[in-house]
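Fold and geometry: a report
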Amino acid sequence: MTVKSNVGVLCAYAANQHLTNQVRGAKKLVNSNFKDLKIFLNDTPAQIEYLVNQYNTTKDKALSDLNNVGPLLGSRVQEQLGKEVRPALDAALTMAGAIRETKEALENVSVSVEVLQEGTERLHANLTDVKMHLSNTLNDSACSATQAASTCNIIRNSLNQLNINANFSGLPGVSSQLAKINDVLKIDLSSLVQKGYAAFNDTPDLVVNQTRNILSDIKNVLESIGSNITTFAKTLPVQKILADLTIYLTQSEAYVQDYFPVVEQYDFYRWLGCLILCCMVVLILIFYCLGLLCGTCGYDKHASPTTRGCISNTGGNFLMAGVGFSFLFSWVLMTVVVLTFVTGGNVEKLVCEPFEDKTLFKVLDTPYLLNQHWKNYLSGILFKNPNINLTFENVYSDCKENKGIYTSLQLEHLFNINEFLNISMYTEDVALKIEHIQINLSKIILLDEIGKENLLNFSSSGIEGINFAAYLAEINKSVTKVDLLSFANDLEARADQLPKGALENALKGHANNIRMIHNQQVIPLEQAMKYVKARSTLNQSIRLLKRTSSELTVKVKNVISAVNAAQLLINNNASLVIVQETKKYMDTIVGYFEQYIEWVKESIAMEVAACKPIANVIDTAVDIFLCSYITDSVNTFWFGLGGSSIFLIPAIIFAVKLSKYYRRMDTEDVYDDMENGNNGYHKEHLYGIHNPVFTSSVEQW
């Protein structure tokens, strides 16, 4: 019991000391809360000013887009119109390239045909000469002989094979077509098309020049919007409210600083009083411990009550002293325990636990509780309108989440920021100015009449009348109708069939001449670079002309139609495109303000004047100081002191009982001993041993 009482006293002392330490350390915590509140009040105007100043960023972005109206609006218009304009101009430019290619192809045809005609004509002349001489030889009388007649007839019948196969001399010329193409090329169609490109690419510059006055008006509107926002921000009652709160906060801090030493002084008195109470219990426990120690050490079970030793007697006296002090101090201890129990327990149950689960706020939010005429007390105090659903619980929860005080206290009922931040109020003038933008692109000429006429002249140049089949047929033919080398070998073989003589030798001579013509003329025509290149160039040029001339008139008409359609789009229908793109451009400009307004609303709701410091003050006052520091310490104190006091009751009983066996008595307690039977010194008498104390007592009686 003594040990348990000691533990209780230690708990009470620890709680007492802990409360004192926390009270002394509370000054730093209170100063920290005041510092947070000052930062909260001082930063709020700067935050509002920052939000207002950020309008300049939005305005600068809008001005940047307005200054770049050419690249933005002009390029968008150009991009939309370019979906039809650029393909038309590309087709016209392609046709201009086709004209140049046609001229080159016609020139290549003319030159290649001349080269091939030169080679084939010389070959034709040589073959004709050989054929004539061979025919004269076959007309010799020697061929009339019976042995040679059949051979000569065979050779005579094959003479028709000695002729050229590809006759380029018979191909129709292309000089008339080339002359017409040259007339077409006197006008530089590519340059005309490039002028169309350049005029169309100047669309952004046209937009800039034609919107200069309107953009100046829009810039003035933006400047006036900024002035209105600044003026409205200055009219808000925030500065006055914050100034009043700052004064009140400064006064409160000064009050706390002034009275905190008084609190510490009274806490010292409380600490001293609780220490005295602990010392009372400790004093009683010391008496009990000394009594037990001395009584146990000095106890002699053979000694009579009147002859007990000094140490044993002292132990009994200590025990009785502990009993006396217990009766003397018990009413004080019990009174303190009851008072601290009632106070600490009720605060814990009625304040701390409800505060932890927010039941306390629900109680405070009970309609008509704090004011019998107000349904909502907080809104009645702030807005003089108790019907607004503003509760302590919601305010505390919002501040705990560090939301802005505008959202937490529902200050829109005091001044509605949404009316001030109504985007239509600021963007209506801007949108109206942008809608008045008028852009005229009729000065853009994609292709003038000269260029169109030039295209028509190209279509009527006559290249489609060229006999491409004849050219391709001659190109694909071999140089000669028969292989001259094979013909010469065959001629020589037939000459060997004739009788020896002049006829045989003459035929062999002709065979050698044919071989020489083959080697000197046919092979070069087939393999020499000059003729191979001429034949290849002629083949490619003819095929190119064939492709170009295919439906040339239709192609030219399609190009002209595409150019006319694009020009019509620019002249008549560009306004629709301009209106659409201007609407998108306006939406972009207005979008900057919408984004700014949404950002301001979000910042005011969640970041500006974030009221976490207010929640921290409440947490510090209730949860930390009242509950953790004071209530927990008080409850620990009464628990420890009450436990020690309760254990004093059995300690008194045991102390009284034990002191009977430790204290020295003035007289013997005969009756108690006789009733106890064979205990103590009576045993000696019963067994015949003389006991002077007993004898003297009997004699006295």
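Keep in mind that this is a model prediction, so the values were computed, not measured. (Residues numbered from 1 in each chain as written. Predicted model: local features only at pLDDT ≥ 70, side-chain atom pairs only at ≥ 80, totals over all residues. Heavy atoms only, no water.)

Notes on the overall build of the chain
Along the chain, the regular secondary structure elements total 25 helices and zero strands. Look at the contacts in the chain between residues 6 or more apart in sequence, and 86% of them connect residues 24 or more apart. Per element, the accessible surface of the chain, about 37,600 Å² overall, is 57% carbon and sulfur. (Helix = DSSP H or I, 4+ residues; strand = E, 2+ residues; numbered from the N terminus. Contact = heavy atoms within 4.5 Å. Areas by Shrake-Rupley, 256 points an atom, 1.4 Å probe, with all protein chains shown as cover.)

Notes on helix H16 (residues 449-459)
Among the residues of H16, Gly451, Lys452, Asn454, Leu455, Phe458 and Ser459 are the ones counted as buried. Down the axis, H16 shows its buried residues gathered within 155 degrees of arc, on one side only. (Buried < 20%, exposed > 50% of the residue type's maximum accessible area, 1.4 Å probe, protein only. Arc of directions from axis to C-beta.)

Observations concerning the packing of helix H12 (residues 392-400) against helix H22 (residues 612-662)
Two elements in contact, H12 and H22, have axes whose closest approach is 7 Å; the angle formed by their N-to-C orientations is 110 degrees. One element, H12, and the other, H22, form an angle in the roughly perpendicular class. Classified by chirality, the crossing of H22 by H12 is left-handed. Note on element contacts: H22 touches H12 through Lys612, Ala615, Ile618 and Asp619, opposite Tyr396, Cys399 and Lys400. Tallied by class, the residues present in the contact of H12 with H22 amount to four nonpolar, no polar and three charged. (Axes fitted to C-alpha atoms, helices over the stretch in contact; angles between N-to-C directions. Parallel < 35°, antiparallel > 145°, perpendicular 65-115°, else oblique. Left-handed = near helix turned anticlockwise from the far one by under 90°. Nonpolar A, V, L, I, M, F, W, Y, C, P; charged D, E, K, R; others polar.)

Details of the pattern of salt bridges
Counting across every chain of the model gives nine salt bridges. The shortest N-O distance in the salt bridge between Asp183 and Lys186 comes to 3.4 Å. Relative accessible area serves as the criterion here: at 67%, Lys186 is assigned to the exposed category. As a salt-bridge pair, Lys403 and Asp398 come within 3.6 Å of each other at their nearest N and O atoms. With a relative accessible area of 15%, Asp398 lands in the buried category. Connected via shared salt-bridge partners are Asp398, Glu401 and Lys403. (Salt bridge = Lys/Arg side-chain N within 4 Å of Asp/Glu carboxyl O.)

With respect to the packing of H16 against helix H21 (residues 552-606)
Contact geometry for H16 and H21: axes closest at 9 Å, N-to-C directions at 170 degrees. Put simply, H16 runs roughly antiparallel to H21. On the side of H16, the interface is formed by Lys452, Leu455, Leu456, Phe458 and Ser459, while H21 contributes Leu552, Thr553, Val556, Val559, Ile560, Val563 and Asn564. A per-class count over the contact of H16 with H21 returns eight nonpolar, three polar and one charged.

Some words on a nonpolar patch on the surface
Together, Tyr255, Tyr259, Val262, Tyr266, Phe268, Tyr269, Leu272 and Ile276 make up a nonpolar patch on the protein surface, roughly 820 Å² of accessible area in all. Along the chain, the position of Tyr269 falls in helix H8 (residues 238-298). (Patch = residues over 30% accessible without salt bridge, like charges linked within 9 Å, V, L, I, M, F, W, Y side chains within 5 Å.)

Remarks on the state of the cysteines
Summed over all chains, the structure comprises two disulfides. Paired by a disulfide, Cys352 and Cys627 hold their sulfur atoms 2.0 Å apart. Its S-S torsion of approximately -105 degrees makes the covalent link between Cys352 and Cys627 left-handed. One end of the pair, Cys352, is in helix H9 (residues 310-356); the other, Cys627, is in helix H22, with 275 residues separating them in the sequence. (Disulfide = S-S within 2.5 Å.)

Some details on the confidence of the model for the chain
Looking at the chain as a whole, its pLDDT mean stands at 77, while 85% of the residues score no less than 70. Residue range residues 670-701 is modelled with pLDDT below 50. Its contacts to residues more than four positions away, or to other chains, number 19 contacts. (pLDDT = per-residue confidence, 0-100.)

Re the nonpolar core
If you look at the biggest cluster of nonpolar residues, it comprises 107 residues, and the most contacted ones within it are Leu81, Leu222, Leu441, Leu446 and Tyr471. Per-element accounting of this core gives the leading share, 19 residues, to H21. Once you skip the residues sitting within four places of it in the chain, Leu441 turns out to touch Val77, Leu81, Thr203, Leu206, Ile570, Ala574 and Ile578. Counting 23 residues, the second largest nonpolar core, distinct from the first, contains Ala12, Cys274, Leu319 and Ala651. (Core = buried A, V, L, I, M, F, W, Y, C linked by side-chain atoms within 4.5 Å.)

A short note on a negative patch on the surface
A cluster of like negative charges, contributed by Glu594, Glu598, Glu602 and Glu607, occupies part of the molecular surface. The residue Glu594 is located in helix H21 in this model. For Glu594, a relative accessible area of 39% puts it in the partly exposed group. (Lys, Arg positive; Asp, Glu negative; His and termini not counted. Charge placed at Lys NZ, Arg CZ, Asp CG, Glu CD.)

Remarks on the environment of Asn317
Structurally, the position occupied by Asn317 is in helix H9. The partly exposed category is assigned to Asn317, whose relative accessible area is 36%.

Side note on the packing of aromatic side chains
Both the distance between ring centres and the angle between the ring planes are used here to describe each pair of aromatic rings. With the rule as written, the count across this model stands at 15 aromatic pairs. Here Phe355 and Phe361 contribute two aromatic rings whose centre-to-centre distance is 5.7 Å and whose plane-to-plane angle is 50 degrees, an arrangement assigned as tilted. Residue classification places Phe361 among the buried residues on the basis of a relative accessible area of 6%. Judged by centre distance (6.3 Å) and plane angle (40 degrees), the ring pair of Tyr596 and Trp599 falls under tilted. Remark: Trp599 and Tyr596 occur in helix H21; sequence separation between them is three residues, near one turn of the helix. For Tyr596, a relative accessible area of 6% puts it in the buried group. (Phe/Tyr/Trp six-rings, centres within 6.5 Å; stacked < 30°, edge-to-face > 60°.)

Description of the environment of Val256
Checked against the element boundaries, Val256 lands in helix H8. In this structure Val256 comes out as partly exposed when scored by relative accessible area, which is 25%. Separated by 226 residues in sequence, Val256 and Val30 place their C-alpha atoms 8.7 Å apart. Ignoring any residue separated from it by four or fewer positions in sequence, one finds Val256 in contact with Val30 and Phe34.

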